[in-house]
Amino acid sequence: MDKIDFRSDTITWPTPAMREAMAVALVGDDVYGEDPTVNQLETLAASMVGQEAGLFVVSGTMGNLTAILTHANRGDEAIVGEDAHTYCYEAGGMAVLGGITPRPLPTDDCGRLDAGQVETAVRPDDPHFPHTRLLLLENSYGAKQGYPLSPDYFATMRAIADRHQLLIHLDGARLFNAAVAQSLPASELTKHVDSVTFCLSKGLSAPVGSVLCGTAEFIARARRTRKLIGGGMRQAGVLAAAGIVALTQMVERLADDHRHAQQLAQGLQQIPGIRVNPAAVRTNMVFFSLSEELGIMADEVATALRQQANIWLDKIGPQSFRAVTHYWVGSDEVARFLEMLGAIIDERPSVDRRQTTEVDNR
Ligand SMILES: *Cc1c(COP(=O)(O)O)cnc(C)c1O
C-alpha cells in the first residue's frame, strides 16, 4: 500500500519537473555570488513579493533567524505572538544566538495580535528596559489552522510600527497559501513589511530551502549574517533550480490543496464523534478532535491508520490531530482516509468493554 502522509506539507517530495531542472542546473560558488541559478531564484523570489532583493537560505528557521539577527541587536526586544512559529518552534534562536528578548502577546482565533496590546507593549526609552525594536508577524498563521491574514491587518501593524520606529519581519513560511486563499498576489501581503521569509519546501514541494527578501541594503547585511550562522552554501544551484520550478509551477495549484482540505473537513464532519469546524479551514490545514464519548485516544487512532492503511497523521494533543494537504495527497487519498477513519471509529472497542478490561487487569 502506498504511503499516504497527512503529517505536514514539509514531507513533499520534489516533482518530476524539479528533478529534471536539478539535473541540468548551471552552478557556481554562491558564496562568491557566482551561482547563476541561485541568483535567478533570488531575483524571481524578490519580484514575487515586491521586494528589492532575496537571499536563498537552508530553511525557514534560518531565514527568520537571519532576518531577526540582521534587524536587531543584543538587548533589543521583539514583539511576537505567543503561539508564533518564531517564538515557539525555532529553538529560541533569537534569544540563544541574538541576545534578543521575545515579548510574547496573545493572538486571536485568526492569529492576529491586538493593535492596542502591541501599542502598549512598546517600551518607553528608559535604561531599565530592553529596546523594543522588532514586530514579528506570521502568514498564514500555523497555530490558528493556517489562517490567511489580510492586507488590512498588515497595514494596521505598519502604522503602529511607524509610530514607534519598529521594523517588521514577516514569517511567511506559507505566504503563498495565504495569497492563493485570498486570490491576491503575494506582494499585496508583503508591501507593509520590512522583510519576509517564505518556504519553498512546504506546499511548493521543493526539497530544500527558503528565501528571505527585503531591501537591497538589508539583504547585503543579511548575507553576512547568513555566513555567520553557517548558511553560506556553494553550488546551491542544484537546490535553487527546484525552487524556481516551485515558484513558477507550484503556486497556483495550492488552491487544489485548499479544496482537498475543505473536502477533508466536510467529510470529517459526517463522522459521528469527530469535532471539526470546516468554516475555519481556509488553507491546507485541518484541525480536528475526537469527542470524549468515543472513548478512544488519538494515539490509538493514529496507530490503527498506520497499521491498517499506511496513512500517517500527527496528533497535536491526547485527542486531537492536525492534517495537512499537499501535492502528494489528492481527492482519492482524502476519500480513503475518511473511509478508514470512519471504519476505525465504528470498530472501536465499546466503552463498556474497555472498563471491563481495566477491571480485569487490576
Ligand atoms: C515550517 C515553518 C517555519 C520554519 O521552516 P523550516 O524550513 O521548517 O525551518 C517557520 N514558520 C512557520 C509558520 C512554519 O510553518
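Bear in mind the structure is a predicted one, so any value in this text is a computation, not a measurement.

Taken together, the residues surrounding the ligand are Ser59, Gly60, Thr61, Asn64, His85, Glu90, Glu138, Asp171, Ala173, Arg174, Cys199 and Lys202. Asp171 places a polar side-chain atom, nitrogen or oxygen, 2.6 Å from a nitrogen atom of the ligand. Separating an oxygen atom of the ligand from a side-chain N or O atom of Lys202 is a distance of 2.6 Å. For the ligand, whose free accessible area comes to 370 Å², the fraction covered by protein is 83%. For the shell around the ligand, the leading source of residues is helix α3 (residues 60-71), giving 3 residues.

Moving on, we get to the domain arrangement of the protein chain. In terms of domains, the protein chain is made up of domain 1 (12-249) and domain 2 (253-346). Once you take the C-alpha centre of each, domain 1 and domain 2 turn out to be 29 Å apart. Each side of the interface is counted separately: domain 1 has 21 residues, and domain 2 has 15 residues. Here domain 1 packs against domain 2, burying approximately 1,600 Å² in sum over the two surfaces, 61% of which is carbon and sulfur. Its largest share of buried area at the contact with domain 2, domain 1 owes to Gln145, Arg174 and Asn177, together 35% of the area lost on that side. Summed over the shared surface of domain 1 and domain 2, the number is 0 salt bridges. Applying the counting rule to domain 1 against domain 2 returns 4 residue pairs in polar contact (both at pLDDT 80 or more). Among the elements that make up the side of domain 1 that touches domain 2, the one with the highest residue count is helix α8 (residues 175-181) (4 residues).

With respect to the element layout, Phe154 can be found in helix α7 (residues 151-163). Excluding residues that lie within four positions of it along the chain, Phe154 makes contacts with Leu137, Glu138, Asn139, Leu149, Leu170, Leu189, His192 and Val193.

Take the side chain of Thr132 next. Along the polypeptide, Thr132 turns up in strand β5 (residues 131-138). The class for Thr132 is buried, based on a relative accessible area of 3%. A distance of 3.0 Å separates a polar side-chain atom of Thr132 from the backbone nitrogen of Arg123. The residues touching Thr132, leaving out its near neighbours within four places in the chain, are Glu77, Ile79, Ala121, Val122, Arg123 and Leu166.

Looking now at the nonpolar core. Ranked by size, the top nonpolar core spans 64 residues in total, and within it Phe56, Phe198 and Leu200 carry the most contacts. Among the nonpolar cores identified, the runner-up in size contains 33 residues, and Val276, Phe288, Leu290 and Ile345 belong to it.

Let us look at the sheet that holds strand β4 (residues 101-105). Sheet strands associate in pairs through backbone hydrogen bonding, adopting either a parallel or an antiparallel arrangement. On the basis of which strands lie adjacent, the open sheet formed by 7 strands has the order β2-β8-β7-β6-β5-β3-β4 and mixed pairing. The open sheet has two edge strands, β2 (53-57) and β4, and neither has a second partner. Here the average twist between neighbouring strands, direction ignored, is 20°. Of the pairings in the sheet, the one linking β5 to strand β6 (residues 167-171) comprises 5 bridges and is parallel in character. Of the residues in β6, the one forming a bridge with Leu136 is His169. Along the sheet, helix α2 (residues 36-48) makes contact with β2, β7 (195-199) and β8 (210-214), crossing β2 at roughly 125°. In this fold helix α10 (residues 216-228) packs onto β2, β7 and β8, with an angle of close to 20° to the strand it touches most, β2.

Attention now goes to α3. Here α3 spans 16 Å end to end across 12 residues, near enough to the 16 Å set by a 1.5 Å rise per residue. Of all the 12 residues making up α3, 11 are buried; the element is thus mostly covered by neighbouring parts of the structure.

Under the criterion given, the structure shown has 18 salt bridges. Arg123 is the partner of Glu77 in a salt bridge, and the nearest nitrogen-oxygen pair spans 2.8 Å. Of this pair, Glu77 sits in strand β3 (residues 76-81) while Arg123 is found in the loop between α6 (115-121) and β5, placing the two residues 46 residues apart along the sequence. What makes Arg123 partly exposed here is its relative accessible area of 27%. Between Asp256 and Arg259 there is a salt bridge, with the nearest N and O atoms lying 3.2 Å from each other. Note that Asp256 and Arg259 are positioned in helix α12 (residues 254-269) at a spacing of 3 residues, about one turn of the helix. Using a relative accessible area of 27% as the deciding quantity, one classes Asp256 as partly exposed. If you follow the salt bridges from partner to partner, you end up with Lys3, Asp5 and Arg7 in one network.

Reading guide: rules and limits
Residues numbered from 1 in each chain as written. Predicted model: local features only at pLDDT ≥ 70, side-chain atom pairs only at ≥ 80, totals over all residues. Heavy atoms only, no water. Near = heavy atom within 4 Å. Polar contact = N/O pair within 3.5 Å; in protein donor to acceptor, adjacent residues only side chain to side chain. Areas by Shrake-Rupley, 256 points an atom, 1.4 Å probe, with all protein chains shown as cover. Helix = DSSP H or I, 4+ residues; strand = E, 2+ residues; numbered from the N terminus. Domains from an automatic or database assignment. Contact = heavy atoms within 4.5 Å. Buried area = accessible area lost by both parts, 1.4 Å probe. Salt bridge = Lys/Arg side-chain N within 4 Å of Asp/Glu carboxyl O. Buried < 20%, exposed > 50% of the residue type's maximum accessible area, 1.4 Å probe, protein only. Core = buried A, V, L, I, M, F, W, Y, C linked by side-chain atoms within 4.5 Å. Pairing = 2+ DSSP bridges. Axes fitted to C-alpha atoms, helices over the stretch in contact; angles between N-to-C directions. Expected span 1.5 Å × (residues − 1).

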